[in-house]
Structure formats: C-alpha cells, structure tokens
Amino acid sequence: QEAATLWYHDHALGYTRLNVYAGLAGFYLLTDANEQQLINNGVLPSGNYERGIVIQDRMFMTNGDLFYPSADPMMLPPSSPTPSVLPEFFGNFIVVNGMIWPKLTVEPRKYRFRFLNGSDSRFYILRLSNGANFMQIGTDEGLLPFPVTLNELLLGPGERADLIVDFSGASGNIVLQNFGPDGPFKGAADPQPPADPNTTGSIMQFSVTQPLSPTPNATVTTATALRPAIAPLVQTGATRQLVLFEGLDQFGRLQPLLGTLAEGSKGWFEPVTENPMLNDVEVWEIYNDPDSPHPMQHPFHLHGQRMLVVSTNGEPNRALMWKDTIAILPGERMRILVDNSNPGKWMAHCHIARHGLD
C-alpha cells in the first residue's frame with residue numbers, strides 16, 4: 001500500500017461509538033520510498049514541521065468527566081427506552097489531539113498537517129481566520145499527483161486530508177475555524193447555520209511567534225510532482241447498486257441500514273449480499289435514500305479496498321484521487337470504481353458512528 005494517512009479505531013459490535021468516544025482511536029501512518037524521497041530532498045516538511053491533527057467534538061460533566069447523552073426528547077420519540085441511542089451526536093467542545101481548543105506555536109514556514117475527522121457525526125468546513133489559502137497534498141489513501149490550492153476544506157467523519165499550510169510572512173495568532181453546522185450536514189442545496197463561532201466554530205489556534213530556525217523551508221508548490229499520475233481503473237467485474245437507507249425501528253427511533261436497490265434494506269443478521277471476486281475492478285453505484293425521514297449527508301466507508309469516484313448524479317469526476325471514505329448527499333447517486341485487490345471479508349458502512357458502527 002502507498003504512503004497514506006490512515007487511522008485505527010475500535011470496532012466492537014454495538015459499542016463502537018462508545019469506545020471511540022472514550023479514546024480508542026489513533027493515527028496509523030504508512031510511508032513508502034516515494035514519500036521518503038520527497039522528505040529527504042526537502043520537498044515535504046517533516047520532523048517538528050509535520051503534525052497529526054485529529055479533530056473530535058465532546059461533551060463534559062462539571063467535574064471534567066466525559067458526558068455521553070443517552071436521552072433527548074427533541075431527537076427521540078416518547079416510546080424510546082431509557083437509556084437509548086440518539087440518531088447523531090454533536091458535542092459542544094472541540095478537542096484536538098485530546099486537548100480542548102489548543103494552541104500550536106509555529107515558525108513562519110511551511111508545515112505539513114495530517115487532518116483526521118474523528119468525530120461521531122460532525123462535518124467540518126475548515127478555513128483559516130486570516131483568509132490564507134493552503135495546499136492539499138493527499139487524501140485518505142495517499143498522495144495526490146500534484147498539490148491542490150484550497151481556501152476551505154470539507155471533512156466528513158472518518159475522512160483524512162494531508163495539507164500544507166504556509167505561515168511564511170504571517171505573524172501573531174491565526175485561528176482554524178469551522179463553518180460546518182452544529183447538526184446534520186445536508187450540503188449546499190439545503191444550507192444549515194454554521195457552527196457557533198464562540199465554541200464549535202473554532203478548532204484551534206496557530207501562534208506564529210517562534211523564530212525561524214536554520215532548517216531549510218520545504219520546497220513543495222502546486223507545480224511539484226508528488227507521485228505518478230493515478231491511472232483510471234478499468235471495470236472487469238460486476239456493477240453493484242447499494243443504498244444508504246434510513247427507516248424507523250420498533251421504538252420509532254431512526255434506524256440507518258444498508259441495502260440494495262433491488263432488494264431494499266438489510267439487517268445485520270442477514271446473509272452477505274456483495275461477494276466480489278479477488279482482483280476484479282467493480283463499479284458500485286451508491287444511493288443516499290431520497291425518501292429518508294432524516295435526510296443528511298452520509299460518509300460511505302469501505303474497509304480493506306480503495307476506490308475512485310467516477311461520477312456524481314451522472315456528472316463525471318475530473319479529479320482522480322484514491323479514497324476509502326466518500327460523503328454522499330441526500331438523494332445523490334455516486335458511482336465509484338472499487339479495486340478488490342486485497343483478499344478477505346470486508347465491511348462497508350456509513351462512518352457516522354451511530355449509523356454504521358453502532
């Protein structure tokens with residue numbers, strides 16, 4: 001596998017959301033000869049100038065203990081048992097690498113930040129308070145062929161982004177801001193109010209107050225080739241049509257389920273419906289149920305294999321990048337190519353922890 005910003009977390013059936021919330025998660029960084037050459041040649045920042053940044057939201061009790069809600073009359077029907085499972089979780093504190101709203105002191109130079117959205121349900125729209133652009137150099141499954149300039153980044157639960165932020169010429173304090181909603185993310189077609197700027201609208205602060213060290217600044221620019229071009233996959237296997245359903249359980253609570261377009265939603269206990277052949281390249285069409293009682297964007301995550309997005313609602317995707325987690329809007333149909341090159345039995349699920357992992 002190529003160099004990539006991966007992560008691990010607990011996957012106990014029925015307890016995943018609780019164990020990840022308690023802290024059973026972390027980065028799992030892979031490197032390879034190509035990435036090491038970029039580092040050794042001074043192209044990419046490394047050492048003190050490379051940091052992992054995992055963003056999560058949390059709630060706390062007055063004594064500092066973690067609080068995890070199990071009842072909410074605004075989100076659950078009266079028939080729900082107590083304690084219960086809420087449809088989503090949105091904490092009112094932002095935690096970065098285990099610290100609430102931290103500060104990182106930096107030099108006026110380029111830094112490499114490996115971002116991970118480790119939250120249960122929250123989508124982040126990240127911007128820098130000084131309006132500066134930054135470069136994305138990698139996704140969930142590895143480096144991009146060339147860096148891409150951005151002024152904001154949408155990051156869904158489970159997604160990672162490898163970024164270069166250049167603090168050269170900057171001074172003082174720069175806040176990493178979040179303009180995602182304090183509730184389910186529904187995309188530009190159904191915009192929700194942004195997060196509270198006094199709390200969840202702030203992620204962390206960069207303090208550009210350290211003197212510049214004699215270490216040479218990284219040379220990466222948008223013209224830097226980071227890896228060979230990603231060759232388009234060619235379909236050799238089946239076409240599969242999968243659906244992200246949302247219904248109601250016996251208590252009237254929201255019940256997210258995967259299923260197929262032909263057969264409808266399926267329970268966890270039912271037989272496997274998709275059985276790819278090893279080394280086949282398949283097309284998967286994934287639908288976000290337009291008739292959901294609680295429409296929102298779902299981050300579809302595939303274990304063990306990587307994928308390329310071909311099109312969304314028939315519109316071709318012109319930016320080829322390897323992914324293992326893709327966000328699909330309500331009513332959207334996303335067509336992906338799946339590279340089934342790893343043997344084994346793998347799981348696919350929504351990476352909102354309360355939806356796909358429980």
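Keep in mind it's a predicted model, so treat the numbers as computed, not measured.

Student: Mind showing me how you'd approach the side chain of Glu282 here?
Tutor: Mapped onto the fold, Glu282 is located in strand 19 (residues 281–288). A distance of 2.6 Å separates a polar atom in the side chain of Glu282 from a polar atom in the side chain of Arg240. Within the structure, the side chain of Glu282 is placed 2.9 Å from the side chain of Trp284, a separation counted as a polar contact. Not counting chain neighbours up to four residues away, the residues in contact with Glu282 comprise Gly237, Ala238, Arg240, Pro276, Met277, Ile336, Leu337, Val338 and Asn340.

Student: What is the right way to look at the sheet that holds strand 22 (residues 315–316) in this model?
Tutor: With respect to topology, 7 strands assemble into an open sheet ordered 18-17-16-19-24-21-22, the strand pairing being mixed. Among the strands making up the open sheet, the edge pair consists of strand 18 (264–265) and strand 22. Direction of pairing for strand 21 (residues 306–312) relative to strand 22: antiparallel, over a ladder of 2 bridges. Pairing of Ser311 across the sheet is with Pro316, part of strand 22.

Student: What is the right way to look at the sheet that holds strand 23 (residues 325–328) in this model?
Tutor: Backbone hydrogen bonds hold the strands of a sheet together, and the pairing may be parallel or antiparallel. A sheet is described by the order of its strands in space; here 3 strands give the open sequence 23-20-25, paired in antiparallel fashion. What marks the edges here is a single partner per strand, and that holds for strand 23 and strand 25 (348–350). For this sheet the average axis-to-axis angle between neighbouring strands, irrespective of direction, equals 25°. Here strand 20 (residues 298–302) pairs with strand 23 via 4 bridges, running antiparallel. Within strand 23, the residue paired with His301 across the bridge is Thr325.

Definitions and limits used
Residues numbered from 1 in each chain as written. Predicted model: local features only at pLDDT ≥ 70, side-chain atom pairs only at ≥ 80, totals over all residues. Heavy atoms only, no water. Helix = DSSP H or I, 4+ residues; strand = E, 2+ residues; numbered from the N terminus. Polar contact = N/O pair within 3.5 Å; in protein donor to acceptor, adjacent residues only side chain to side chain. Contact = heavy atoms within 4.5 Å. Pairing = 2+ DSSP bridges. Axes fitted to C-alpha atoms, helices over the stretch in contact; angles between N-to-C directions.

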